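Architecture at a glance
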Amino acid sequence: MKPSVLQYLKFFLLFAFGEVTTAHVPDQDVLASLNKLPLDGHFSFSDVSTTAAAQDFGNLSNFKPAAVLHPGSVDDIATTVRHVFLRGEHSLLTVAARGHGHSLRGQCQAAGGIVIKMESLRTARMQVHSGASPYVDASGGELWIKVLHETFKYGLAPKSWTDYLHLTIGGTLSNAGVSGQTFQHGPQISNVMELEIVTGRGDIITCSPEQNSDLFHAALGGLGQFGIITRARIALEPAPNMVRWIRVLYSDFTSFTEDQEMLISAERTFDYIEGFVIINRTGILNNWRSSFNPHDPVWSQFESDGRVLFCLEMTKNYNPEEVDNMEQEVNNLLYQLRYIPPSLFHTDVTYIQFLDRVHSSEVKLRAKGMWEVSHPWLNLMVPKSSIHTFAREVFGKILKDSNNGPILLYPVNKFRTSVVIPDEEVFYLVGFLSSAPSSSGPYSVEHTLNLNNQIIEFSDKAGIGVKQYLPNYNTEQKWKAHFEARWETFLRRKNAYDPLAILAPGQGIFQKAL
Ligand code: FAD
């Protein structure tokens with residue numbers, strides 16, 4: 001069943017008038033019947049619960065649900081979705097899985113609908129399987145940091161990460177899950193062996209590359225549109241104990257990107273490669289990722305007042321008995337790079353400390369009341385062939401400084417996926433991770449969104465094939481332009497697995513059937 005013209009019209013009206021909340025009137029019949037469902041967990045209708053479920057990390061969207069489900073089992077999720085599917089054909093009731101609520105634009109919210117608190121599902125114990133192809137089975141609501149701690153007990157760990165681990169498995173697998181390991185292992189969605197999913201019809205389906213493969217590929221990076229991930233089987237590898245964490249600075253963008261590209265294509269290379277852009281910034285150390293404490297703390301000589309600097313960040317994993325080999329390999333690699341010589345800094349930390357590095361910054365920011373502010377982030381994927389055009393216009397021209405937050409920039413190799421990515425062998429992930437603590441001026445939401453729009457408008461006009469990561473659009477035309485040739489497949493899968501458009505309404509792609 002294809003979404004009808006009427007459905008699309010409703011979708012446009014809702015977005016044209018912005019506040020979806022006012023347009024959604026919860027279906028009282030269906031809501032009243034929720035309490036009668038036989039559940040292991042429970043529903044909460046209290047103002048405290050629904051208000052909390054209307055918030056996210058972005059702090060830019062606020063859509064209150066009518067009810068919050070705390071599932072005690074996978075059956076609870078299936079029962080609830082099936083109930084809405086069967087009873088809600090003529091209502092507006094929708095269902096959003098909420099991982100850790102670290103969405104940026106209300107993607108984990110459901111205006112007037114049901115939010116499922118996936119973290120309540122962490123009841124089942126994680127199962128680590130060692131052997132030739134080790135893996136862990138974990139709940140979709142499990143935090144990656146918990147996965148790390150549990151697998152580490154067996155000397156194992158997942159291969160691919162995000163920079164921040166206080167996110168859930170279901171939340172990152174619905175997007176992609178990218179970080180400095182992506183060039184080597186692909187994103188997190190490329191390291192999944194099996195999923196258990198509750199579809200928009202309320203069916204519980206196990207899928208893998210061999211079994212129900214269409215649903216498997218649809219759900220990975222599927223923006224929560226095709227089902228709720230209740231369990232994931234994630235590939236593991238032996239975990240190192242230690243990490244040498246290195247940063248070097250460049251003033252020349254060409255040398256910086258050529259070195260990054262050389263490193264991601266080399267056979268023997270670093271285990272993690274990222275980079276960031278520093279524009280006209282006093283106090284390089286004074287940023288939210290300052291968990292990096294080099295042995296030689298002379299960063300202060302490298303202030304970027306009035307200029308743009310580029311920082312290449314790399315790590316090499318090692319165990320204590322391998323330190324000599326590690327140093328030799330690191331030196332061989334560093335020898336090939338063209339950074340500013342005195343700008344080489346390194347520190348040695350445990351593997352867990354390195355992977356959990358952003359959390360250290362979170363703790364500091366929370367203490368200053370700077371974590372709960374608005375985050376008008378913009379994440380882009382820029383084809384390698386356009387990265388210079390992009391950089392020339394954006395760094396120093398549109399963006400006069402990087403004081404609002406870090407700007408990440410690093411290349412990855414193309415990966416096979418159903419996620420929309422640029423059509424080139426290598427593309428750059430560019431993240432403008434701005435905080436907006438003020439109500440006016442350069443640190444305000446308005447100012448930052450304006451800069452983001454200028455970047456998007458420039459990229460569109462220049463026709464350089466940029467795609468959004470964690471995409472956010474408010475018209476069907478823009479979603480279609482985002483998906484391009486993949487739109488028809490996306491639509492077909494939506495009709496197959498969630499034909500009433502019940503799931504993940506906060507993504508704003510489909511509107512529930514009338
Ligand atoms: P939520 O925000 O709760 O949900 C996100 C979307 O997924 C929603 O549409 C929701 O309905 C859906 N969803 C949630 N759980 C499920 C499920 N079990 N099944 C199906 N759908 C589900 N991303 C990266 O790739 N790399 C990074 O390095 C990175 N760093 C980040 C750092 C910070 C500080 C933050 C705040 C975000 C970062 N992100 C990064 C983005 C992050 O991956 C996404 O915002 C992710 O969706 C957040 O996970 P969550 O568990 O909070 O999901």
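Note that this is a predicted model, so its numbers are computed, not measured. (Residues numbered from 1 in each chain as written. Predicted model: local features only at pLDDT ≥ 70, side-chain atom pairs only at ≥ 80, totals over all residues.)

**A closer look at the nonpolar core**
Grouped together as the largest cluster of nonpolar side chains are 125 residues, with contacts concentrated most on V95, I114, I116, A219 and V382. If near-sequence neighbours (up to four positions away) are discounted, I114 is found in contact with P65, A66, A67, L69, T80, V84, L93 and V95. (Core = buried A, V, L, I, M, F, W, Y, C linked by C-beta atoms within 7 Å. Buried ≥ 20, exposed ≤ 12 C-beta atoms within 10 Å, placed from the backbone. Contact = placed C-beta atoms within 7 Å.)

**A closer look at unusual backbone geometry**
Unlike most non-glycine residues, A501 shows phi in positive territory, near 50 degrees. Residue class for A501 comes out buried when judged on the 20 C-beta atoms lying within 10 Å of it. Non-glycine residue A504 carries a positive phi angle of around 45 degrees. We classify A504 as buried; it has 27 C-beta atoms within 10 Å.

**Looking at the sheet that holds strand 3 (residues 95-98)**
With mixed pairing, 4 strands are arranged side by side in an open sheet as 1-2-4-3. On the outer flanks of this sheet lie strand 1 (42-44) and strand 3, each paired with one strand and no other. For this sheet, the mean inter-axis angle between neighbouring strands, taken without regard to orientation, is 25 degrees. The pairing of strand 3 with strand 4 (residues 114-117) spans 4 bridges and is classified as parallel. Looking across to strand 4, one finds that A96 is bridged to V115. (Pairing = 2+ DSSP bridges. Helix = DSSP H or I, 4+ residues; strand = E, 2+ residues; numbered from the N terminus. Axes fitted to C-alpha atoms, helices over the stretch in contact; angles between N-to-C directions.)

**Quick word on the site of the ligand**
By nearness alone, 36 residues border the ligand, and G99, H102, G170, G171 and G224 come closest of all. The residue inventory of the shell around the ligand, partitioned by class, reads 14 nonpolar, 19 polar and 3 charged. The residue makeup of the shell around the ligand includes at least three contributed by each of domain 1 (5-121 + 477-507) and domain 2 (127-238). (Near = placed C-beta within 6 Å. Nonpolar A, V, L, I, M, F, W, Y, C, P; charged D, E, K, R; others polar. Domains from an automatic or database assignment.)

**Quick word on the pairing of strand 10 (residues 227-238)**
Direction of pairing for strand 6 (residues 135-139) relative to strand 10: antiparallel, over a ladder of 5 bridges. The residue of strand 10 that forms the bridge with Y135 is A235. Direction of pairing for strand 7 (residues 156-158) relative to strand 10: antiparallel, over a ladder of 3 bridges. Note that in strand 10 the partner of A157 across the bridge is E237.

**Points about helix 17 (residues 487-497)**
Residues F490, R493, K494 and Y497 constitute the buried set of helix 17. Buried residues of helix 17 fall within an arc of 105 degrees about the axis and therefore sit on the same side. (Arc of directions from axis to C-beta.)

**Remarks on the environment of R486**
In this fold, R486 is placed in the loop between helix 16 (476-483) and helix 17. Sequence separation of R486 and V419 is 67 residues, and the distance between their C-alpha atoms is 9.1 Å.

**Topic: the domain arrangement of the protein**
Think of interface size as the accessible area that goes away when the parts come together; that is how it is often given. Each assigned domain of the protein is listed here: domain 1 (5-121 + 477-507), domain 2 (127-238) and domain 3 (242-469). The partner domain 2 presents 26 residues to the 25 residues of domain 1 that form the contact. Contributing elements (two or more residues each) for the side of domain 1 that touches domain 2: helix 5 (74-87) and helix 17. Among the elements that line the side of domain 1 that touches domain 2, the one with the most residues is helix 5, at 6 residues. By residue class, the composition of the side of domain 1 that touches domain 2 is 15 nonpolar, 5 polar and 5 charged.

**Observations concerning the pairing of strand 13 (residues 308-318)**
The buried fraction of strand 13 amounts to 10 of the 11 residues, a majority that puts the element mostly inside the structure. Both strand 11 (residues 242-250) and strand 13 contribute to a ladder of 9 bridges, which runs antiparallel. Each bridged residue has a counterpart across the sheet, and for L249 the counterpart in strand 13 is C311. Direction of pairing for strand 12 (residues 272-279) relative to strand 13: antiparallel, over a ladder of 8 bridges. When the sheet's bridge partners are listed, I278 is paired in strand 13 with L309.

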